Structures are given as structure tokens and as C-alpha cells.
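Given next are the chains, with one letter for each unit.
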Amino acid sequence: MENTGSHLWMEIDTQALQHNLLTLQKEAGRSNSEVMGVVKADAYGHGIEVVKLLFDWGLKRVGVATVEEGCNLRKIGFRGEILVLGGFFSEEIDSILDNDLVPVVSCFEEGRSLAEKVGHRGETVKFHLKIDTGMGRGGFLERDLPADWWRKVIQSPFLSLAGIMTHFSCAESDREYTESQFGQFLTFLSHLPQDGTLPPFLRHCSNSAAFLLFPEMRLDLSRLGIALFGVSPTGDARLVVDCSLRPVMAIKTRIKNIKTLPANFRVGYGSTFVTSRETKVAVVSLGYAQGLFRSLSNRLEVLVRGKRVPALGTISMDQMVIDVSGIEGVKRGEVVTVLGREGEEEIRVEELAHRCGTIPHEILCSFRRVTKKICR
Ligand SMILES: *Cc1c(COP(=O)(O)O)cnc(C)c1O
């Protein structure tokens, strides 16, 4: 029944993933911080099966964007803590409780509906509170919170404050602004009673970029997404290579046919490429429907037998054309690496992101529907 995915597949390097987890946990440990794996969007396109592996290797907490993502992790048997980062509607609160998820409360409506629904069920729910220190997205501005909000929380038999968080908007690019966000967060925390009235809670603000660039901001939890998958949050691969983090995702396809075109022959929709000489071309099964951005047209290189070769012309919906003139004896069926390593050569996510003017996160997510092969 299952298509074997022999045209196009994603290889998940589980050894690299385990290595990254242990490396990041060790590094976090130096700052007395704990790694929370951020695994929204199908674990950044790698597929939620990897989250169970991470749990087996010792990851205790993960963050997801939605209640639905949290429930899906429970369905596959993930037993660690699941923090729902991206908000929820009141009709999702039953699922939050039934699946033992920990919601982040980012606005008054969420807090109110949570207390009400949980009270109705006669239960207590752990939650984290989100403070907006300059992202302008979810979270409370300090000035909007009533001075005694925390007293109400302590007194509520239904709500149990387990964490307070904020999120940086440009840790990868703006030191000054990140430091000001961090300062505001610390100020907010310092305004809370320090006399033990509040239960112990976890403070957290760092994503991968902040974790790697500002070790002093790690606090109790470090929310790591892209670094866990061995990809740089800044687009500069050195940042993760220097910490020995390794890419987890590879994208491979195969040559469907080969032919030689004469000089001055046009290739692809819109004739955006014209051969300048006799050119041996190969067609491979990957296009924008499978997640390869069309904006990479005429800007992409792939690996064939460990050599870099250019892709030619406009990327189609399910196919593209590559130049294999330099590859002696290349055959139909041979593997082409679009992302990943072949011997000494490597195409990295950061390279693709740079070539089409986006961030590495978007490249990873774009391949999320490609058939996975878990390699141990
Ligand atoms: C996605 C996300 C992260 C992780 O970001 P990376 O850059 O992938 O490390 C951390 N915190 C929150 C709130 C997020 O939404």
C-alpha cells in the first residue's frame, strides 16, 4: 500500500540527532539550564516520530505550536511534558486536560476560560505565563497586568503557575534589542514577590539563536528548535558547526532520464535557461509541490556522485532539470542529493536559504511532506 518513496525521500540521521541533543544538553547544563525541544510543524519538517526518539534519549520537555500537535504527540506515545506555545481556544481546553498538555497563557481570555473550564471539571492545570517584552505578538505587556495578578493565580485552586516566559524577536541579528528584551524580562520577574508566596516556577526566554549567542540568557529552560536539527538560526553555518552540531535532514531524489541537448536549446517553463554548449541534462523528481521553492530556479546546485552540478531553468511542479555534463557514465536511477552530504561535498539548509532569500527554518518546514526514511 505504501509508496516506497523511491523517487524522492528524506533521510533522518538519528545518530546526528542524538549527538545534537546530548551536545546541547551538556552545553545547557553548563548554565544550569534544561533543554526544551521545540518540535512544532512536525519537528521542523523531520516528522513527529523523531520526538519519541528524543524522549528515549532523555529529552523530558517539548514545545509545540498547537493543541492538535500536542495531542498527536500523545497519540504516538510521547510521555514527556508538552508545552503548547501558540495559544488555544476555549473549546480546546478539554483536549489540553485529557492529554495532559501544559498551555502557555498569552492573553486574558485564555486565562479566564482556562480557570473556568478547569474549575468546572474540578481539576487543576499547570500553565506558563507569556510576557511580551518587544515581540508584539502573543503575551501580556507588563503594564496591562493588574498589580495583583499573581495573588489571584496563587489563590486559584484551578491554576498552577509553572513557568514564566518571553520570546525574542531578533536574537540572531540585534544584540542591543535582545539585551533590552532580556532586561525587561528580568525587571518583570524582579517585580514579583520574592518572599516565597509564589510557587517555584521556570523562567525561560532563549531560542536557538539566543542560546548560542547569549549564554547568560539561558535561565531555567532553553527552548531549542533549529539547533537541535543541526541547522544555524542565523543562516551562518559556522555557528552550529563550531559547536559540532550536525544536520539531521537530507533530501534525495533520483535521475529519471538523461539526454543530450544541443547548444542554444531552451530548458524549462518560461525558457529562463538556454544552453550555451552541448549539454547532458537529467530530469529528477522534485519540484515546488514537494517543497523546493520555485525561487531557487537557476540558483540551485545539487550533488551527483559527490560533485556539485547546477540545476537548469525554472523549477516545475514535480520535476527539475540538472546539468550532468561533467559526470562521466551517469545513469538513470542514480541518487541525487538536494540537501545533505556526499563525501567531501555538502549542500546545507543554510545555503538553500541564502540562495532564495529566506531563513533556514522555512527551508526545513517546506520539506515536511516528503516521505521519511529513518536511518539508524
Ligand atoms: C519556535 C520557537 C522557538 C524555537 O526557535 P528556534 O529558532 O528554532 O530555536 C522557541 N520559542 C518559541 C516561543 C518558539 O515559537
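Structure shown above.
Before going into details, it helps to say that this report is about the structure given with it. (Residues numbered from 1 in each chain as written. Predicted model: local features only at pLDDT ≥ 70, side-chain atom pairs only at ≥ 80, totals over all residues. Heavy atoms only, no water.)

### A short note on unusual backbone geometry
Argument step 1. Even without glycine at this site, D100 takes up a positive phi of about 55°.
Argument step 2. Looking at the element boundaries, D100 is found in the loop between α5 (93–98) and β5 (102–105).
Argument step 3. Residues other than glycine seldom take positive phi values, yet N264 does so here, at roughly 65°.
Argument step 4. If you trace the backbone, N264 turns up in the loop between β10 (249–261) and β11 (266–267).
Argument step 5. Its relative accessible area of 67% is what places N264 among the exposed residues. (Helix = DSSP H or I, 4+ residues; strand = E, 2+ residues; numbered from the N terminus. Buried < 20%, exposed > 50% of the residue type's maximum accessible area, 1.4 Å probe, protein only.)

### A word on helix α1 (residues 14–29)
Argument step 1. Taking 1.5 Å per residue as the helical rise, α1 with its 16 residues ought to reach 22 Å, and the 22 Å between its terminal C-alpha atoms agrees with that figure.
Argument step 2. Listed in full, the buried residues belonging to α1 are T14, A16, L17, N20, L21, L24 and A28. All buried residues of α1 project into a common sector of 155° when viewed along the axis, lining one side.
Argument step 3. The backbone nitrogen of Q15 has a side-chain oxygen 3.1 Å away, supplied by the residue at the start of α1, namely D13. (Expected span 1.5 Å × (residues − 1). Arc of directions from axis to C-beta. Polar contact = N/O pair within 3.5 Å; in protein donor to acceptor, adjacent residues only side chain to side chain.)

### Overview of the layout of surface pockets
To locate leftover empty space, one rolls a probe as large as a water molecule over the atoms.
Argument step 1. Its volume calculated, the largest pocket comes out at about 610 Å³.
Argument step 2. Mapped onto the lining of the largest pocket, the elements with two or more residues apiece are α2 (40–44) and α9 (208–213).
Argument step 3. In terms of residue class, the lining of the largest pocket is made up of 11 nonpolar, 10 polar and six charged.
Argument step 4. Considered as a void within the structure, the second largest pocket measures approximately 360 Å³ in volume.
Argument step 5. Together, 16 residues line the second largest pocket, and F108, G111, W149, V153 and L159 are the ones closest to its centre.
Argument step 6. Of all the secondary-structure elements, those providing two or more residues to the lining of the second largest pocket are α6 (108–120), β6 (125–130) and α7 (149–155).
Argument step 7. Considering each element in turn, the lining of the second largest pocket owes the most residues, four residues, to α6.
Argument step 8. Here the residues of the lining of the second largest pocket are counted per class, giving 12 nonpolar, two polar and two charged. (1 Å grid on protein atoms, 1.4 Å probe; cavity = no way out; pocket = protein on both sides within 12 Å on 5 of 7 lines; lining within 4 Å. Points joined across faces, edges and corners; volume = space filled by probe spheres on them. Nonpolar A, V, L, I, M, F, W, Y, C, P; charged D, E, K, R; others polar.)

### Section: the packing of aromatic side chains
Argument step 1. Scanning the model with the defined rule gives four aromatic pairs in all.
Argument step 2. Aromatic pair F108 and F140: ring centres 4.9 Å apart, planes at 75°, arrangement edge-to-face. Of this pair, F108 sits in helix α6 while F140 sits in the loop between β6 and α7, and the two are 32 residues apart along the sequence.
Argument step 3. The ring of F211 is capped by R218, whose NZ or CZ atom sits 4.0 Å from the centre of that ring. (Phe/Tyr/Trp six-rings, centres within 6.5 Å; stacked < 30°, edge-to-face > 60°. Lys NZ or Arg CZ within 6 Å of the ring centre and 35° of its normal.)

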